[in-house]
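# Working through the structure, step by step
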Amino acid sequence: MEEDVEYNPLPSDERLLTRVTASIESVEDKESVDSLRRLVLDSDWRDRVESSDKPRIGPGSNSSAFSLIPSELRAFVYLKLLIGPKAEDKIFERDPDGRSFLQEAIDAENVCPDVSQIWLDVNRARAKLDHFKQESIRLAMVRLLCLLCNRNGVKYAQGFHEILAPFMIMPGIKERPRLIYHLFSAFVDQNMAFLAVLKHSDNDSDGAQGKDNGNLPKQPDQEAETLSDSWDGLKLCFRALDSLLLYHDPELAVFLSAAGLSAQIYSPNWFMTACSRVLRLELCYVLWDLIVLENEPAGLLFFVLALMI
């Protein structure tokens, strides 16, 4: 991957920027959230993609013609689509000054068994960008990663830092750690649930991770749940990709199999980082916009399949 040396947001369509701004301001309920989603999906971006002579999204692509969701508004669109119409109110009403959140993050760092590995990974995340050279940013990333693992009862896995990094520099929230955390958490929960599959004991009656109405994670019941290894979830993705590839392109599937190349060999970075590891930031955002807008839990799997065929 050619690493980012600077981040230049893609230009926004001015007409869409105006319409999305008005739509965000009018979001009050689920119906208006759906209207916001349709507004962006039904805009003329598809025609502009097809008419553009710029490289398409994919590993090695370095540019794109435009931003799907206006970069200035991306964080706020994500908040509405991933968390809900009253996202900011739900986040801040519990802890108006943020002190409890900060203390919980510090405590999570202190008890995290993988904090040394997290520091190593964070120091490598988008390391050529000035924003990530700041000690305060790296410390915040470490604490947010520890908090995600602690709240959701999952082991840290290398790649989590690559998912967090684009949220850390996203315009509109890059100085607001609580919004960063909840967007990061909601994105993983809705689009990468295979990384956070919880193992439940026999006395766990419903066998599901509890969520409150705001789609904000509750503290796991430590007596009912044990830490899971995200690799177990990844293996499900590998098997699914191998099967889908065999169905959609049997010739390629047989060729790769004969060469000893299963999905477990070539695709971990794609699944583990939602392709953040192999895309420049501006293209990563374009892909994530599609994943969030389409609201398809298996969207990442089918994007990886499309890369193959």
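Shown above is the structure to which this text applies.
Per-chain numbering applies: the sequence of each chain, read as written, is numbered from 1 onward. Given that the model is predicted, a residue must reach a pLDDT of at least 70 before its local features are reported, and side-chain atom pairs must reach 80 or more before they are shown or counted; all residues, however, enter totals for whole chains, interfaces and linings. Heavy atoms throughout the structure, all of them, feed into the side-chain values; hydrogens and water do not.

So, on to the overall build of the chain. Working definition: helices are DSSP H or I runs of at least four residues, strands are E runs of at least two. Numbering for both runs from the N terminus. The number of helices and strands found in the chain is 16 helices and 2 strands. Relative accessibility thresholds used throughout: buried, under 20% of the residue-type maximum; exposed, over 50%; partly exposed, between the two (1.4 Å probe, protein chains only). Expressed as a percentage of the 309 residues in the chain, the buried residues total 52%.

The salt bridge criterion pairs a side-chain nitrogen of Lys or Arg with a carboxyl oxygen of Asp or Glu, the two atoms within 4 Å. Applying the stated criterion across every chain yields a total of 12 salt bridges. Residue glutamate 88 pairs with arginine 176 through a salt bridge whose shortest N-O separation is 3.4 Å. Taken as a pair, glutamate 88 in helix 5 (residues 87-92) and arginine 176 in the loop between helix 9 (160-168) and helix 10 (177-191) lie far apart in primary sequence, 88 residues in all. A relative accessible area of 30% means that arginine 176 is categorised as partly exposed.

This paragraph deals with unusual backbone geometry. Backbone geometry at alanine 274 places phi at a positive 50°, although glycine is not the residue there. Take alanine 274: it is sitting in the loop between helix 14 (268-272) and helix 15 (281-294). The exposure class of alanine 274 is buried, given its relative accessible area of 1%. Despite not being glycine, cysteine 275 has its phi angle at roughly 70°, a positive value.

Turning to the packing of helix 4 (residues 74-83) against helix 10, a few remarks are in order. The packing of two helices is summarised by the inter-axis angle and the distance between the axes. Lines fitted to C-alpha atoms define the axes, with helix axes restricted to the stretch in contact, and inter-axis angles between N-to-C directions lie between 0 and 180 degrees. One way to put it is that helix 4 packs onto helix 10 with a least axis distance of 10 Å and a crossing angle of 50°. Viewed along their axes, helix 4 and helix 10 adopt a mutual orientation that is oblique. In terms of crossing hand, the pair formed by helix 4 and helix 10 is left-handed. For the pair formed by helix 4 and helix 10, the contact residues are Ala75, Tyr78, Leu79, Leu81, Leu82 and Ile83 on the first element and Leu179, His182, Leu183, Ala186, Phe187, Gln190 and Asn191 on the second. Polarity classes work like this: nonpolar for Ala, Val, Leu, Ile, Met, Phe, Trp, Tyr, Cys and Pro, charged for Asp, Glu, Lys and Arg, and polar for all others, with Gly in that last group. For the contact of helix 4 with helix 10, a count of residues per class yields 10 nonpolar, 3 polar and no charged. Throughout this description, any angle smaller than 35 degrees is read as roughly parallel, any larger than 145 degrees as roughly antiparallel, any in the 65 to 115 degree range as roughly perpendicular, and the remainder as oblique. Here is the rule for handedness: rotate from the far helix to the near one, and if that takes an anticlockwise turn smaller than a right angle the crossing is left-handed, while a clockwise turn gives right-handed. Any two residues having at least one pair of non-hydrogen atoms within 4.5 Å are treated as being in contact.

Inspection of the secondary structure puts arginine 37 in helix 2 (residues 30-41). Put simply, arginine 37 is tucked away with no salt bridge, and the nearest opposite charge, on aspartate 34, sits 4.4 Å away. For arginine 37, the side chain forms a polar contact with the main-chain oxygen of leucine 293, separated by 3.2 Å. Ignoring any residue separated from it by four or fewer positions in sequence, one finds arginine 37 in contact with Leu81, Val292, Leu293 and Asn295. Just so you know, the count uses Lys and Arg for positive and Asp and Glu for negative, and it drops His and the chain ends. Polar contact criterion, stated in full: a pair of N or O atoms within 3.5 Å, where within protein one must be able to donate a hydrogen and the other to accept it, and residues adjacent in sequence count only if both atoms are side-chain atoms.

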